[in-house]
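Architecture at a glance
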Amino acid sequence: MAHSKHTKNWQQQLQQALLNQHPNHTSQPPEYSQAASGLFPHVVTAQMMNLVDHSKGLSDPILAQFTPAAAENINTTDYLNDPVGDHEATQVPGLIHKYHGRVLLIASGSCAVNCRYCFRRHFPYSQSFAPRKHWQACLEYIENNSSIHEVILSGGDPLTLDTKTLRVLSDALQNLSHIRTLRIHSRIPVVLPQRIDPEFLNWAAQLTFNKVMVLHVNHSQEIDSLARKKIAGLKQAGFILLNQSVLLKNVNDSVEVLTDLSQKLFDLGVLPYYLHQMDAVQNAAHFTVPEPQAIKIHQQLQAQLPGYLVPKLVKEEAGQSNKTSLF
Ligand code: SF4
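Attention here is on the structure that accompanies the text. (Residues numbered from 1 in each chain as written. Predicted model: local features only at pLDDT ≥ 70, side-chain atom pairs only at ≥ 80, totals over all residues. Heavy atoms only, no water.)

Regarding the overall build of the protein chain
To be explicit about the condition: Only DSSP runs of H or I covering at least 4 residues are called helices, and only runs of E covering at least 2 are called strands; the numbering of each starts at the N terminus. Partly exposed residues are those whose accessible area sits between 20% and 50% of the maximum for their type, while under 20% is buried and over 50% is exposed, using a 1.4 Å probe and protein chains only. Throughout, a contact is declared for two residues whenever any of their heavy atoms are within 4.5 Å. For the accessible areas, the method is Shrake-Rupley and the probe is 1.4 Å, while residue cover comes only from the protein chains on display.
Each helix and strand in the protein chain was counted, giving 13 helices and ten strands. Burial status across the protein chain gives 54% buried among its 327 residues. Taking contacts inside the protein chain between residues at least 6 apart in sequence as the whole, the part at least 24 apart equals 80%. Working note: accessible area of the protein chain is about 14700 Å², and carbon and sulfur atoms make up 50% of it.

Digging into the nonpolar core
Selection criterion: Remark: nonpolar core denotes a set of buried residues (Ala, Val, Leu, Ile, Met, Phe, Trp, Tyr, Cys) joined through side-chain atoms within 4.5 Å. The domain limits used here are those given by an automatic or database domain assignment.
Of all hydrophobic cores here, the largest spans 71 residues; its most connected members are I142, V151, L173, F200, M213 and M278. Two domains each donate at least three residues to this core, and these are domain 1 (10-73) and domain 2 (86-325). Contact partners of M278, with chain neighbours within four places excluded, come to Y79, Y117, V246, L247, L248, A284, F287 and T288. Counting residues in each nonpolar core, the second largest holds 13 residues, with L247, L275, V289 and L309 among its members.

Some points on helix α1 (residues 10-18)
Because an α-helix packs 3.6 residues into every turn, residues spaced three or four apart end up facing the same way. To keep it simple, the criterion reads: Directions from the helix axis toward the C-beta atoms define the arc. Pairing of N or O atoms within 3.5 Å defines a polar contact, subject to two protein rules: one partner must be a possible hydrogen donor and the other a possible acceptor, and residues neighboring in sequence count only if both atoms are side-chain atoms.
When we look at burial in α1, the residues that qualify are W10, Q13, L14, Q16 and A17. Along α1, the residues classed as buried sweep out an arc of 160 degrees about the axis, all on the same side. Tucked into the core, α1 has its buried residues touching α3 (46-49). The N-terminus of α1 is capped by N9, whose side-chain oxygen sits 3.1 Å from the backbone nitrogen of Q11. In the segment just after α1, N20 is the residue with positive phi, at about 55 degrees.

Focus: the pairing of strand β5 (residues 181-186)
Worth spelling out the cut-off: A strand pair is defined by DSSP finding two or more bridges across the two strands. By convention a crossover is right-handed if, when the strands point away from the viewer, the path from the first strand over the helix to the second runs clockwise.
The buried count for β5 comes to six of six residues, which makes it a mostly enclosed element. Side chains T181, R183 and H185 project from β5 onto one buried face, and the interleaved L182, I184 and S186 project onto a second face that is buried too. Note that strand β4 (residues 150-154) and β5 share four bridges and pair parallel. Bridged to L153 within β5 is I184. Following the chain from β4 across helix α8 (residues 163-174) to the adjacent parallel β5, one finds a crossover that is right-handed. Here β5 runs beside strand β6 (residues 210-216); their pairing, made up of six bridges, is parallel. Of the residues in β6, the one forming a bridge with R183 is V212.

Digging into the pairing of strand β3 (residues 102-106)
Burial analysis of β3 places four of its five residues in the buried class, which makes it a mostly covered element. Note that strand β2 (residues 95-99) and β3 share three bridges and pair antiparallel. Looking at β3, one finds that L95 is bridged to L105. Here β2 folds back onto β3, and the loop between the two strands holds two residues, one of which, G101, carries a positive phi near 85 degrees.

What to know about the packing of aromatic side chains
How we decide: Two rings from Phe, Tyr or Trp (for Trp, the six-membered ring) form a pair when their centres sit within 6.5 Å of each other. Planes less than 30 degrees apart are called stacked, planes more than 60 degrees apart edge-to-face, and all others tilted.
Evaluation of the coordinates by the stated rule reveals four aromatic pairs. The interplanar angle of 45 degrees and the centroid separation of 5.3 Å between the aromatic rings of F200 and W203 together place this pair among those described as tilted. Of this pair, F200 and W203 both sit in helix α10 (residues 198-206), separated by three residues, roughly a single helical turn. Neither F200 nor W203 differs from the other in exposure class; each is buried.

A look at a nonpolar patch on the surface
The following threshold applies: For patches, a residue must show more than 30% relative accessible area and have no salt bridge; joins then use 9 Å for like charges and 5 Å for nonpolar side chains, namely Val, Leu, Ile, Met, Phe, Trp and Tyr. The term salt bridge refers to a pairing of a side-chain nitrogen on Lys or Arg with a carboxyl oxygen on Asp or Glu at a separation within 4 Å.
Taken together, F266, L271 and Y308 make up a surface patch of nonpolar side chains, about 290 Å² in accessible area. By secondary structure assignment, the location of F266 is in helix α12 (residues 255-267).

Digging into the packing of α8 against α10
For any two helices packed against each other, the geometry comes down to the angle between their axes and how far apart the axes lie. So the rule is basically this: To get an axis, fit a line to the C-alpha atoms, keeping to the stretch in contact for a helix; angles then go from 0 to 180 degrees between the N-to-C directions. For classification, angles of less than 35 degrees are called roughly parallel, those exceeding 145 degrees roughly antiparallel, those between 65 and 115 degrees roughly perpendicular, and all remaining angles oblique. Crossing handedness is read from the near helix: turned anticlockwise from the far helix by less than a right angle, it gives a left-handed crossing, and turned clockwise, a right-handed one.
Contact pair α8 / α10: the axes reach a minimum separation of 10 Å and the direction vectors enclose 15 degrees. Here α8 is positioned roughly parallel relative to α10, judged by the angle of their axes. Two packed elements cross with a definite hand, and for α8 against α10 that hand is left-handed. Every residue of α10 that contacts α8 at T163, K164, L166, R167 and S170 is listed here: E199, F200, W203 and Q206.

Some remarks on α12
Quick reminder of the rule: By this rule the span expected of a helix is its residue count minus one, scaled by 1.5 Å.
With 13 residues, α12 should cover 18 Å at 1.5 Å per step; its first-to-last C-alpha distance of 18 Å lies within 8% of that length. The complete set of buried residues in α12 reads V255, L258, T259, L261, S262 and L265. Buried positions in α12, seen along its axis, are confined to an arc of 160 degrees and lie on one side of it. Residues of α12 that are exposed and point over 90 degrees away from its buried face: E256 and D267. Against the buried residues of α12 lie β7 (240-247), β8 (271-277) and α13 (291-304). Once α12 finishes, G269 follows within two positions and takes phi at roughly 80 degrees, a positive value.

Here it is in structure tokens:
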């Protein structure tokens, strides 16, 4: 479909987010900190900003996730730059082989948003993601390890790549008979749903692997009618859809919010998969929900919802080959 002069395509919207140009949202909440945006750039899409209730300030669950806030300028003991040890587990640049049977390919170093709690804020992506010219080395590693059955495209957000680039990668992987599943981890279906365009859906529908997409939605307010439509398109293209959330103080640390999220996701054919205890990432300690409280919220969720709508409460620990379950 041709774009009118006034409608931006997804690449233009992504560019606008990366340049932090949101003409309709020039005022910032009082907690906004220029110094914090120097630590990790302020990147958010117009799609997300349009779903904010500005009268709530940082109590709005979307604004809280994307606003560089003064609390980030505090250094907290025991909070680290690489809390999950990904730098250690990197095999060839851009390829992380941490779990049995599957590898993580950091296909893109960038995201459409910068979530303030993300461990990526310190991860040296400029050295560690796999730009296209390094894919050959990653593919050779995968080809030579027949115990690998699943390739996980992660990032950053792999859907910031255009579909032609994704096709180059999927064509190469489809030549490897031991690869049965392609999994994509992405926040884009909610933060930049415009990216799920017909070209992408055609590519996805033609893939011969098992296809899994793990969305990242933390609060049902992130899902608007456009996101709903695009998630339905993903399902139609053959993706098994799962969701992971990060448990975040003053964003989704209540049984009501998480129950509502699970139910709304299920309405869209998305199963809640993980609820992550936040990684102990430096400059984001103010988002931490203490572990005993996390366990209590999770127990309440179990009492409210059928088992298949209760995400597993987990945390990642550096050097462990599995996520640690917290219940
Ligand atoms: S989209 Fe994911 S990887 Fe990107 S900043 Fe947010 S949490 Fe981190």
